[in-house]
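Here is how the chains run, residue by residue.
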Amino acid sequence: MKVLFVCLGNICRSPTAHGVFQTMVEDQGLADSILVDSAGTAAYHVGNPPDSRSAATARKRGYDLSNLRARQAVETDFRDFDFILAMDESNLMNLRSLKPHNYSGHLGLFLDFSPEPESEVPDPYYGGDTGFEHVLNLVESASEGLLEQIKRECL
Ligand code: 4NP
C-alpha cells in the first residue's frame, strides 16, 4: 500500500504526518508493505526541510523529520498512491482538480480516520507553538486509525 499525505507547503502538517505514520509502520514491522510519502499543493517550499517548529515538536515525541524535503503534489501521484490524504478542505479541493477521472484509490481528509471531532488539521504556520502541538495530537490520532484500517482491509 502507498500512502501520500498532502498539505499546502509540505513543511509543517504533511511532513509531521509522514514522520509519525512512517514511525508507526516501522514499529509494527510493516515497512515492507506500506510506503509513506508527503507533498504540498503549492511549490513555495520545494526542496526545503520541514519547518524547525514542526521538527522540534515532533522530535520531543520521538519522531525524526530531518531527512524529509518538500515536493509538490503532481498528477502522477494518482497513478502511484492508494491513499491520498489531505490535511484540510482547501488542500482536498486542489487535489480534486489534479485527480484523473479514473482514479480508483482513496482521496479524502486525513482526519476522517480519527475519532476526534475535528475534520481538518489547522495550518500552524502563522501561529504559536501550541498550534504545532495540536497538529501533532491530531496527526497521532488519525495515524493510529489509518494504520488499523489498512491492516484490517488492505494487507
Ligand atoms: P503546511 O504549512 O501547509 O502545513 O506545510 C504552511 C507552510 C507554509 C505556508 C503556509 C502553510 N506558507 O504560506 O508559506
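Residues numbered from 1 in each chain as written. Predicted model: local features only at pLDDT ≥ 70, side-chain atom pairs only at ≥ 80, totals over all residues. Heavy atoms only, no water.

Participant: Describe the packing of aromatic side chains, and please don't skip the residues or the numbers.
Facilitator: The full count for this structure, using the stated rule, is 5 aromatic pairs. Seen from their ring centres, F5 and F21 are 5.6 Å apart, and the 80° between their planes marks the pair as edge-to-face. Taken together, the positions of F5 in strand β1 (residues 2-7) and F21 in helix α1 (residues 13-27) put the pair 16 residues apart, joining distant regions of the chain. Classification of F5 as buried rests on a relative accessible area of 0%. According to the relative accessible area criterion, F21 is buried, its value standing at 0%. Between F78 and Y103 the ring centres are 4.9 Å apart and the planes differ by 85°, which places this aromatic pair in the edge-to-face class. Of this pair, F78 sits in helix α3 (residues 77-80) while Y103 is found in the loop between α4 (89-98) and β4 (106-109), placing the two residues 25 residues apart along the sequence. (Phe/Tyr/Trp six-rings, centres within 6.5 Å; stacked < 30°, edge-to-face > 60°. Helix = DSSP H or I, 4+ residues; strand = E, 2+ residues; numbered from the N terminus. Buried < 20%, exposed > 50% of the residue type's maximum accessible area, 1.4 Å probe, protein only.)

Participant: Report on the site of the ligand, specifying residues and quantitative values.
Facilitator: Every residue close to the ligand is listed here: C7, L8, G9, N10, I11, C12, R13, Y44, H45, D123, Y125 and Y126. In this structure, an oxygen atom belonging to the ligand sits 2.9 Å away from a main-chain N or O atom of L8. Take I11: an N or O atom from its main chain is 3.0 Å from an oxygen atom of the ligand. When the ligand sits alone it has 350 Å² of accessible area, and the protein chains cover 92% of it. Here the ligand is seated within the largest pocket. Partitioning the shell around the ligand into residue classes produces 7 nonpolar, 3 polar and 2 charged. (Near = heavy atom within 4 Å. Polar contact = N/O pair within 3.5 Å; in protein donor to acceptor, adjacent residues only side chain to side chain. Areas by Shrake-Rupley, 256 points an atom, 1.4 Å probe, with all protein chains shown as cover. 1 Å grid on protein atoms, 1.4 Å probe; cavity = no way out; pocket = protein on both sides within 12 Å on 5 of 7 lines; lining within 4 Å. Sits in = over half its atoms within 2 Å of the grid points. Nonpolar A, V, L, I, M, F, W, Y, C, P; charged D, E, K, R; others polar.)

Participant: Give me the lowdown on the packing of helix α2 (residues 52-60) against helix α5 (residues 129-153), citing residues and values where you can.
Facilitator: To characterise two packed helices, one gives the angle between the axes of the helices and the distance between these axes. Where α2 contacts α5, the two axes come as close as 10 Å, and the packing angle between them is 55°. Classified by the angle between their axes, α2 and α5 sit oblique to one another. Regarding α2 and α5, the two cross each other, and that crossing is right-handed. Where α2 approaches α5, its residues R53, S54, T57, A58 and K60 are matched on the opposing element by F132, E133 and L136. (Axes fitted to C-alpha atoms, helices over the stretch in contact; angles between N-to-C directions. Parallel < 35°, antiparallel > 145°, perpendicular 65-115°, else oblique. Left-handed = near helix turned anticlockwise from the far one by under 90°. Contact = heavy atoms within 4.5 Å.)

Participant: Give me the pairing of β1: which residues, what numbers.
Facilitator: Counting buried residues in β1 gives 5 out of 6 residues, a clear majority hidden from the surface. Judged from the 6 bridges that link them, β1 and strand β2 (residues 35-40) form a sheet pairing that is parallel. Residue pairing across strands places V3 opposite V36, the latter belonging to β2. Regarding the hand of the β-α-β motif, the stretch spanning β1, α1 and β2 is right-handed. The pairing of β1 with strand β3 (residues 83-86) spans 4 bridges and is classified as parallel. Its bridge partner being in β3, V3 is matched across the sheet by F83. (Pairing = 2+ DSSP bridges. Right-handed = clockwise from strand over helix to strand, strands pointing away.)

Participant: Account for empty space enclosed by the protein, naming residues and giving values.
Facilitator: With a probe scaled to a water molecule rolled over the atoms, the places where space remains empty come into view. Tallied over the full model, the rule gives 1 cavity of 30 Å³ or more. Volume-wise, the largest cavity comes out at about 40 Å³. As for the largest cavity, its lining consists of C12, R13, T16, S54, T57, A58, P124, F132, V135 and L136. The set of elements that each furnish at least two residues to the lining of the largest cavity consists of α1, α2 and α5. Along the lines of polarity and charge, the residues of the lining of the largest cavity split into 6 nonpolar, 3 polar and 1 charged. (Points joined across faces, edges and corners; volume = space filled by probe spheres on them.)

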